[in-house]
Amino acid sequence: MCTRHNIAQLEIISDGEERMSCDMMDDALTEIEFLARSENRVAVLQRLAEDRYTRGELGEVTGASQATLGRVIEDFTDRSWIRYDGSKYVATATGRLVA
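Draft legend 1. Fine view of the pattern of salt bridges. Within this structure, the stated rule accounts for 2 salt bridges. Between R52 and D85 there is a salt bridge; the shortest N-O distance is 2.4 Å. Of this pair, R52 sits in the loop between α2 (39–50) and α3 (55–62) while D85 sits in the loop between β3 (82–84) and β4 (89–91); the two residues are 33 residues apart in sequence, bridging distant segments of the chain. The exposure class assigned to R52 is partly exposed, which follows from its relative accessible area of 35%. Accessibility expressed as a relative area gives 33% for D85, which makes it partly exposed. The partner of K88 in a salt bridge is E57, with the nearest N and O atoms 3.7 Å apart. A residue pair is termed long-range when its members are at least 10 positions apart, and K88 in the loop between β3 and β4 and E57 in helix α3 qualify at 31 residues. Judged by its relative accessible area of 27%, K88 falls in the partly exposed class.

This is the structure we're talking about:
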């Protein structure tokens, strides 16, 4: 059974295919839980997966406050789910997959 105490590792099976260890699956579930715990996070990531937005535009389309958007943007940037292109925010390939 997978627990958070397992050591993260990739296991190589006979045909060269890689599979995730229990820790890697736990990490993925933790990321899904992080996203799902906030309607604002879900709304922001879904919007950024579809198009580019300024922070002000994100506030308008999601109804999230600027303080909330600041936290969401920082969290998503730290996870490499979004990036700032100099004028607008956009989801990365990883962010689009998560959304």
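Draft legend 2. Main features of the nonpolar core. Counting residues in each nonpolar core, the largest one holds 16 residues, and the members touching the most others are V44, L48, L58, F76 and I82. Elements with a contribution of two residues or more to this core: α1 (22–36), α2, α4 (66–78) and β4. Residue contributions to this core peak at 4 residues, all from α4. Residue contacts for I82: discarding those within four places in its chain leaves L45, L48, I73, F76, T77, Y89, V90, A91 and T92.

Draft legend 3. α4, seen in detail. Given a rise of 1.5 Å per residue, 13 residues ought to cover 18 Å, and the 18 Å separating the end C-alpha atoms of α4 matches this to within 8%. Taken together, the buried positions of α4 are occupied by T68, L69, G70, V72, I73 and F76. Note on α4: the residue one or two positions beyond its end, S80, has a positive phi of about 60°.

Draft legend 4. The side chain of S38, seen in detail. On the secondary structure map, S38 appears in the loop between α1 and α2. A polar atom in the side chain of S38 sits 3.3 Å from the backbone nitrogen of N40.

Draft legend 5. Geometry of the packing of aromatic side chains. By the definition in use, this model includes 2 aromatic pairs. On the basis of an interplanar angle of 45° and a centroid distance of 5.3 Å, the ring pair of F76 and W81 is categorised as tilted. Taking the relative accessible area as the measure of exposure, F76 reaches 0% and is therefore buried. By relative accessible area, W81 is classed as buried at 4%. Ring centres of Y84 and Y89 lie 4.7 Å apart, and the angle between their planes is 50°; on these two criteria the pair is classed as tilted. Judged by relative accessible area, Y84 falls into the partly exposed class, the value being 46%. Over the face of the ring belonging to W81 we find R79, whose NZ or CZ atom lies 5.8 Å from the ring centre.

Criteria and cut-off values
- Residues numbered from 1 in each chain as written.
- Predicted model: local features only at pLDDT ≥ 70, side-chain atom pairs only at ≥ 80, totals over all residues.
- Heavy atoms only, no water.
- Salt bridge = Lys/Arg side-chain N within 4 Å of Asp/Glu carboxyl O.
- Helix = DSSP H or I, 4+ residues; strand = E, 2+ residues; numbered from the N terminus.
- Buried < 20%, exposed > 50% of the residue type's maximum accessible area, 1.4 Å probe, protein only.
- Core = buried A, V, L, I, M, F, W, Y, C linked by side-chain atoms within 4.5 Å.
- Contact = heavy atoms within 4.5 Å.
- Expected span 1.5 Å × (residues − 1).
- Polar contact = N/O pair within 3.5 Å; in protein donor to acceptor, adjacent residues only side chain to side chain.
- Phe/Tyr/Trp six-rings, centres within 6.5 Å; stacked < 30°, edge-to-face > 60°.
- Lys NZ or Arg CZ within 6 Å of the ring centre and 35° of its normal.

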